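Take a look at the letters that make up each chain.
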Amino acid sequence: MLTETATRPDTTQIIPPRSGAAFTLNAGQTLTVIDPEGGQVADLLAIARADTHEMLSSGRTLDYAETIYLSTGHKLYSNRSNVLLEIIEDTVGRHDFLLTPCSEATFRLCYDNEPPHRGCHGNLHAALAPWGIAEDAIPVAFNCFMNVPVDGATGRFKVLPPLSKAGDFIRFRAATDLIIALTACSAPASNGGSFKPIHYRVEG
């Protein structure tokens, strides 16, 4: 498990399978989240450094975007309707912003044959400990590469393996000074039954 990471610009950082990291991202810098082996989800959370009560909001973002499939050109908003991140490049085009980070309860309720695991929720909380972010404050994360198609007639959805291939990435630009938390997702269904690392790079 990783916690606060001292990220050097232009250096690729590695998040081991089923773990997480947190680091700062300054206004104007870019964050590239990379799936190095393909088929692996990364839960991403953004929090305003000026006031850590302001953080990424699925509801606000989807409301303003008028789509659940966010990609290049879309902006990710906070719970106060301020832009935190903008997607500036995306080689996959399918990500999820509906489902909450997997947690210990997820494994207990949804995976009969899996051993207990604290999941992405626990990894996000641990990584954000240096900033004092309460566990219950963690919202829905932006799930990079997660593939959740929704039936338009019934509203039912499925969690399918990611469409990302080895080397695919999504790149964001920060609109303000942020704390970023990022995981290599721990849920078997999200990752096609396997667990792989996630890479990221901060530039600018």
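Data block above holds the structure.
Now for a description of the structure that goes with this document.

1. Here's the deal with the pattern of salt bridges
Reasoning step 1: Within this structure, the stated rule accounts for 5 salt bridges.
Reasoning step 2: Residue Arg80 is joined to Glu54 by a salt bridge in which the shortest nitrogen-to-oxygen separation is 3.9 Å. In this pair, Arg80 sits in the loop between strand 5 (75-77) and strand 6 (83-90) while Glu54 sits in the loop between strand 4 (42-48) and helix 1 (58-65), placing the two residues 26 residues apart along the sequence.
Reasoning step 3: Overall, Glu54 belongs to the buried group, its relative accessible area being 10%.
Reasoning step 4: Overlapping salt bridges bring together Asp51, Glu54 and Arg80 as one network.

2. Re the sheet that holds strand 4
Reasoning step 1: The 4 strands are arranged 2-9-4-7 in an open sheet whose pairing can be described as antiparallel. Here the strands that pair on one side only, and so sit at the sheet edges, are strand 2 (20-25) and strand 7 (142-144). Recorded for the sheet is a direction-independent mean angle of 25° between the axes of neighbouring strands.

3. Notes on helix 3 (residues 119-127)
For the α-helix, the turn length of 3.6 residues means that residues three or four positions removed from each other point alike.
Reasoning step 1: Burial analysis of helix 3 places 8 of its 9 residues in the buried class, which makes it a mostly covered element.
Reasoning step 2: Gly119, Cys120, His121, Gly122, Asn123, Leu124, Ala126 and Ala127 are the residues of helix 3 that are buried.

4. Brief notes about a nonpolar patch on the surface
Reasoning step 1: A cluster of nonpolar side chains, namely Leu98, Val150 and Phe157, defines an oily patch on the protein surface of about 230 Å² accessible area.
Reasoning step 2: Here Leu98 is to be found in the loop between strand 6 and helix 2 (104-110).
Reasoning step 3: Look at Leu98 and you get partly exposed, because its relative accessible area is 36%.

About the criteria used
- Residues numbered from 1 in each chain as written.
- Predicted model: local features only at pLDDT ≥ 70, side-chain atom pairs only at ≥ 80, totals over all residues.
- Heavy atoms only, no water.
- Salt bridge = Lys/Arg side-chain N within 4 Å of Asp/Glu carboxyl O.
- Helix = DSSP H or I, 4+ residues; strand = E, 2+ residues; numbered from the N terminus.
- Buried < 20%, exposed > 50% of the residue type's maximum accessible area, 1.4 Å probe, protein only.
- Pairing = 2+ DSSP bridges.
- Axes fitted to C-alpha atoms, helices over the stretch in contact; angles between N-to-C directions.
- Patch = residues over 30% accessible without salt bridge, like charges linked within 9 Å, V, L, I, M, F, W, Y side chains within 5 Å.
- Areas by Shrake-Rupley, 256 points an atom, 1.4 Å probe, with all protein chains shown as cover.

Limitation: the analysis is restricted to geometry and does not speak to function.
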